[in-house]
Amino acid sequence: MVVTKSLLNTPLDTTPNTTITVNGHAVHAHLGEYLVAALNRHADAMKARHVPQVCFLPAMGPIQSCDTCMVKVDGKLVRSCATPVSAGMAVETEGEQVDVAQREAFDRILQNHMLYCTVCDNNNQNCTIHNAVADLDIKHQAREYTPKPYEKDMSNPFYRYDPQQCILCGRCVEACQNVQVNETLTIDWDSAHPRVLWDGGEKIEGSSCVSCGHCVTVCPCNALMEKTMLGHAGYLTNLPGKVLDDMIEVVKGIEPPIGYGPILSLSEMEAEMRNERVKRTKTVCTYCAVGCSFDVWTRDRHILKIEPGHGPANGISTCIKGKFAWGHINADDRLTTPLLRQGDTFVPVSWEKALDVIQEKFTSIKAKHGPDALAFISSSKTTNEESYLMQKLARAVIGTNNVDNCARYCQNPATAGLQRTVGYGGDSGSIADIETAGLVFIIGANPAENHPVLCTRIKRSHKFRGQRLIVADIRKHEMAERADMFIRPNPSTDAVYLTALAKYILDHNLANMAFIEKWVNNFETFHASLKPYTLEYAEQVTGIPAATLITLANEIAAADGVCILFAMGVTQHCGGSETATALSNLLLVTGNYMRPGAGAYPLRGHNNVQGCSDFGSMPNVYSGYQKVDDETIRAKFEADWGVALPTTTGKDNHQMIDAILEGSLKSLYIKGEDTITSDSNANFVGSALSQLEFLIVQDINFSETCAYADLVLPAAASLEKDGTFTSTERRIQRINKAMEPLGESKPDWEIIQLIANRMGGNWKYKHPSDVMDEVARLTPLFAGVNYERLEGYKSLQWPVHADGTDSPLLFTEKFPFPDGKAKFSVIEYMPPSEETGNGVYDLHLNNGRLLEHFEQGSMTSRTPGIREITPNSFVEVSPELAAERNIQSGRFVQLTSPFGRVKVQVVVSDRVQGKQLYMTLNSVEEPVNKLTSSHTDRSTHTPAFKETAVSMTLLPEKGDNPILRKNFRHGTRTPQMGLEIERKWAKPEYHLPGTKPADKLVQIKSITI
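All values reported here derive from a predicted model rather than from experimental measurement.

Thresholds applied
- Residues numbered from 1 in each chain as written.
- Predicted model: local features only at pLDDT ≥ 70, side-chain atom pairs only at ≥ 80, totals over all residues.
- Heavy atoms only, no water.
- Helix = DSSP H or I, 4+ residues; strand = E, 2+ residues; numbered from the N terminus.
- Rg over C-alpha atoms; globule rule 2.2 N^0.38 Å.
- Buried < 20%, exposed > 50% of the residue type's maximum accessible area, 1.4 Å probe, protein only.
- Domains from an automatic or database assignment.
- Contact = heavy atoms within 4.5 Å.
- Buried area = accessible area lost by both parts, 1.4 Å probe.
- Salt bridge = Lys/Arg side-chain N within 4 Å of Asp/Glu carboxyl O.
- Nonpolar A, V, L, I, M, F, W, Y, C, P; charged D, E, K, R; others polar.
- Axes fitted to C-alpha atoms, helices over the stretch in contact; angles between N-to-C directions.
- Left-handed = near helix turned anticlockwise from the far one by under 90°.
- Expected span 1.5 Å × (residues − 1).
- Bend = angle between axes of the 7 residues up to and from the residue.
- UniProt positions renumbered as here; feature names shortened; annotations may be inferred.
- Pairing = 2+ DSSP bridges.
- 1 Å grid on protein atoms, 1.4 Å probe; cavity = no way out; pocket = protein on both sides within 12 Å on 5 of 7 lines; lining within 4 Å.
- Points joined across faces, edges and corners; volume = space filled by probe spheres on them.
- Parallel < 35°, antiparallel > 145°, perpendicular 65-115°, else oblique.
- Phe/Tyr/Trp six-rings, centres within 6.5 Å; stacked < 30°, edge-to-face > 60°.
- Lys NZ or Arg CZ within 6 Å of the ring centre and 35° of its normal.

**Some details on the overall build of the protein**
Summing up its helical and strand segments, the protein has 32 helices and 35 strands in all. On C-alpha atoms alone, the protein measures out to a radius of gyration of 30 Å, which is about the 30 Å that the 2.2 N^0.38 rule sets for 1009 residues. Along the longest, intermediate and shortest principal axes, the C-alpha atoms of the protein span 90 × 70 × 65 Å. Buried positions account for 64% of the 1009 residues belonging to the protein.

Following this line, the structure appears as structure tokens:
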């Protein structure tokens, strides 16, 4: 059976184009939409009760398991959740047969679920079961609750499953199989006691469950719940277990004589009381740049849960980090007061003292060595407003353009390549375009682990909508396993095969010449530059057979929209900018810009690495990429800020380190960046930081870089302040303060303003919204951005015009060049900087993140459940190399490069091949950047992290596999096309509710209170 699922990031069209009759009244609806949606809209408009719906969730579509949404259509009982609207259909949502069917269906549900709402942690006015009991005015259940022969499963560190409360609605299965598409959960319909299974078994631990939290989010009751909710949400839920059991027995005892009405009234009062102490605050995730937004539920400083549902990027989706990895907020080692170095130790000081020290040091260094002796590094973890103020502090107060951010370590080559060809260095469209593309081509990116929520949209479209998937990577990660075509080029050779593809497509008349002639300049020069890039040359350099390249070229040329997704496997090379240019050239050749479902998508790594650069924390541009060496632009900022500004480009991160060692840079102010574990060649960077005259590090915890500081400033975490982030799809969203800053920590924007005013800045910002208003005034890219337009879950994708019109899709009318046309850019292939074929360093070391950790684990390792799953880093070794050197998983090895050495455990894995290794980033004790060099991308100085040659020495120590048995990587998925509800319907005891005389239930007269 062919199944097509709806898009997750593209709203369904509900524009009325037909009329149906509902209970005798004409109702406008949209042909083909699910009837329940039309009925819900009508009920909302009439302020009437919705048709009952327990398993249906608009974000997922019909599941058809609960049968509570029964209505009559043209005289026949149907499930409204799965019935498409047709013109003139006659619908009855009332009447005896409908009422009997709905109540019979719900009574079956209550046989699987015990109602003890008042003492339930899920009694928060959003429990679907509780609300359905009230909506249906259920007074009594005909079927007694039937216990199941299973215990609660508490084996996952983040959530628990209670089979006794599970109603078998299948929402969790649908979410896992078809939204997250991790394909772990099923229901064993053939069992005498059906329940939810993980990889076909009864235990969560050790299964392929990635703890994304989808199942918990969509559960309509308390069967699946966050452990952080248990015993914390209600007034009575933290009572001893025996007391709770006794109270539940009392409820069961009084239900038959008095009915559920009085019992529910009591639980409603208790739920309303919870609102007095449970705060729900909309925020945005602070890990990757997908831009997931959700409500965070807090009780004082305790984080009860993360509740997604309305985010424009993620909807109901989260990953393990966004849903559960919030331990850093209340970590024991949070910085809560300024710390001043005294010899080899740090002592707490007041903010007044800290500001005195900064004023004295900044003033003396500037007077003695000039403003360019100071430099500033902004953070991709902090807000847009804080990025803007950091660069303003550097430029307007100190007088230097020495300001940069961690985009230098990863994303700048992508920006450079796109700016060369299409003018803007951001995603061509939105996640909605990625899920609608005919072909997704992933190059040097591992979105299943690095951008997991975005990746769910690809997996769903690939599974259900016929989307083609091609992956090019040197490592076989999950998306490579799922791909229709997986190619493994030699390291650092992507630019060659991409350019060869462009040549082949042009040579074989597969190019979109109409698009090129109308919209792209420099074609002749570009075409001539392709001459060396034959298929034979590409095969020689990349190792990809010419026949494979021909197949790939034809796939790209034939596809109805191509999205190329790429990340640090492209950018962190000496030729990163050239590869980004080459892939953009290929998209221009095939006409895959200026249309939905197409374009280039540089997957940004940090929550605000896009915004940090957008808002000016770069040495060569102000906010909105306005050039600092453009006299007209500089004059605009000078007039607004009331100061003379520096005229030449400042130093980037890489140049700052060199300048320290050369003696010209004396002071560095680092905000929210752990430079020593983030920059390449850590030992070299450490030697530079040690030579600074004055180093300020501002962070939420004492990082590795703090150890080099002269002054450490305590910053507020994301839940403790207001501001905005910009996601990978150029989407600007607000974060809102959920709790007060811990101790004496302060929001970064307040700290920067305090420093600026000590240095004579006379700033008067009262709120981050004041900063955004200034940015909009000075920056055409953000002309229409303000906090009112970003209220709640509203967002804007830049460019944003003054009237608030934003740009989900770029280049709809022209490209941002003077003549409105894009331009082909000739590339120069850069071979890898370190050869591995001969000599001591005979192995190629690749590196990257893990799904459950972020970078080196500074935040994620402070969540105990993350450490429980994956406590250590490891290096993957291919089976053939392991056999050659007699290595087993768990063996300790020493990896050595010309720049340092690390000790790490081995995991033997076929994800890597030959003499290629892959080391995870989640370690501050043995970080991979001790091994990486100072080689950089020629254009942007982004470190060539992916060009590292090492040797491997076996050490005597042996241990267990560093991927613990409980880790999801040991699981075996159980893919299905969904819940397989037909198996339930096929059971002999099942019949459609309302179709047998015995379905008419007796309802007692209840006592009201």
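**A few points about the domain arrangement of the protein**
Note: interface size is frequently given as the accessible area lost on complex formation between the parts. When cut into domains, the protein gives domain 1 (18–110 + 979–999), domain 2 (339–410 + 609–806), domain 3 (412–602) and domain 4 (843–965). Relative placement of domain 2 and domain 3: their C-alpha centres are 34 Å apart. With 14 residues of domain 2 at the contact, the number on the domain 3 side is 16 residues. The contact between domain 2 and domain 3 buries some 1,100 Å² in all, and 44% of this surface belongs to carbon and sulfur atoms. On the domain 2 side of the interface with domain 3, the three residues burying the most area are Cys410, Thr728 and Glu729, jointly 42% of the side's total. Counting the contacts that link domain 2 with domain 3 gives zero salt bridges. Residue composition of the side of domain 2 that touches domain 3, grouped by class: eight nonpolar, three polar and three charged.

**Notes on the packing of helix α24 (residues 631–641) against helix α29 (residues 768–778)**
One can describe the packing of α24 onto α29 by two numbers: an axis separation of 11 Å at closest approach and a directional angle of 145 degrees. Crossing of α24 over α29 shows right-handed handedness. From α24, Lys636, Phe637, Asp640 and Trp641 reach across to α29, where they touch Glu774, Arg777 and Leu778. Residues belonging to the contact of α24 with α29 are distributed by class as follows: three nonpolar, no polar and four charged.

**Thoughts on helix α10 (residues 384–398)**
Helix length check: α10 (15 residues) gives 20 Å between terminal C-alpha atoms against 21 Å at 1.5 Å per residue, within 8%. At Lys392, α10 shows its largest bend, some 30 degrees. Two residues or fewer after α10 comes Gly399, characterised by a positive phi angle close to 100 degrees.

**Structural notes on the UniProt feature "domain: 4Fe-4S Mo/W bis-MGD-type" (unreviewed entry) in the protein**
Under the present numbering, the feature "domain: 4Fe-4S Mo/W bis-MGD-type" (unreviewed entry) in UniProt falls on residues 278–333. Here residues 278–333 runs as 9% helix and 34% strand, with 26 Å between its end C-alpha atoms.

**Overview of the sheet that holds strand β11 (residues 293–299)**
Taken in spatial order, the three strands line up as β10-β11-β12 in an open sheet, and their pairing is antiparallel. Looking at strand neighbours, the two that pair on one side only are β10 (279–284) and β12 (302–307), the edges of this open sheet. Averaged over all pairs of adjacent strands, the angle between their axes in this sheet comes to 30 degrees, without regard to strand direction. Across five bridges, the pairing between β11 and β12 is antiparallel. Across the sheet, residue Trp297 finds its bridge partner in β12, namely Lys305.

**Let's talk about the pattern of salt bridges**
In this structure the tally under the stated criterion is 51 salt bridges. Here Asp67 makes a salt bridge to Arg79, at a shortest N to O gap of 2.7 Å. A residue pair is termed long-range when its members are at least 10 positions apart, and Asp67 in the loop between α1 (35–46) and β3 (70–73) and Arg79 in strand β4 (residues 76–79) qualify at twelve residues. The same class applies to Asp67 and to Arg79, which are both buried. The salt bridge involving Arg911 is made with Glu481; its shortest N-O contact spans 3.9 Å.

**A short note on empty space enclosed by the protein**
Summed over all chains, the structure comprises eleven cavities of 30 Å³ or more. For the largest cavity, the calculated volume is near 620 Å³. In terms of lining residues, the largest cavity is bounded by 42 residues, among which Met568, Gln572, Asn847, Gly848 and Lys946 are the most central. When residues of the lining of the largest cavity are assigned to their parent elements, the largest contribution, four residues, is made by strand β30 (residues 843–848). Its residues assigned to classes, the lining of the largest cavity shows 16 nonpolar, 19 polar and seven charged. In this structure, the second largest cavity spans a volume of roughly 440 Å³. Together, 28 residues line the second largest cavity, and Ser379, Lys381, Gly672, Asp699 and Met859 are the ones closest to its centre. If you count residues domain by domain, the lining of the second largest cavity takes at least three from each of domain 2 (339–410 + 609–806) and domain 4 (843–965).

**Examining the UniProt feature "domain: 4Fe-4S His(Cys)3-ligated-type" (unreviewed entry) in the protein**
Taking the numbering used here, the UniProt-annotated feature "domain: 4Fe-4S His(Cys)3-ligated-type" (unreviewed entry) corresponds to residues 97–137. Taken end to end, residues 97–137 is 54% helix and 0% strand, and its two terminal C-alpha atoms sit 17 Å from one another.

**Section: the packing of helix α16 (residues 494–507) against helix α19 (residues 535–542)**
Angle between the axes and distance between the axes: these two values describe a pair of packed helices. Two numbers describe how α16 lies on α19: the axes approach to 9 Å, and their chain directions differ by 165 degrees. The angle between α16 and α19 falls in the class roughly antiparallel. Of the two elements, α16 crosses α19, and the hand of that crossing is left-handed. Listed contacts from α19 to Val496, Tyr497, Ala500 and Tyr504 of α16 are Leu535, Tyr537, Ala538, Val541 and Thr542.

**Comments concerning the sheet that holds strand β31 (residues 875–877)**
The pairing of strands in a sheet comes from backbone hydrogen bonds and takes either a parallel or an antiparallel form. Read around the closed barrel, six strands run β30-β34-β31-β33-β32-β35, paired in mixed fashion. Each adjacent strand pair in this sheet contributes to an overall mean axis angle of 45 degrees, direction not counted. Bridge count for β31 against strand β33 (residues 900–908) is three bridges, and the pairing is parallel. Across the sheet, Glu876 pairs through a bridge with Val907, a residue of β33.

**A few points about the environment of Ala192**
By the secondary structure assignment, Ala192 is in the loop between β7 (185–187) and β8 (196–198). Along the sequence, Ala192 and Pro58 sit 134 residues apart, while their C-alpha atoms lie 31 Å from each other.

**Section: the packing of aromatic side chains**
One pass over the full model with this rule turns up 23 aromatic pairs. Look at Tyr622 and Phe637: their rings are 4.3 Å apart centre to centre, the planes differ by 20 degrees, and that puts the pair in the stacked class. Taken together, the residues Tyr622 in the loop between α23 (609–614) and α24 and Phe637 in helix α24 connect sequence positions 15 residues apart. Residue Tyr622 shares its accessibility class with Phe637, and that shared class is buried. Here a set of aromatic residues connected by ring pairs shows up, and it is made of Tyr424, Trp519, Tyr593, Trp798, Phe811 and Phe815. The ring of Tyr235 carries the charged tip of Arg277 above its face, separated from the ring centre by 3.8 Å.

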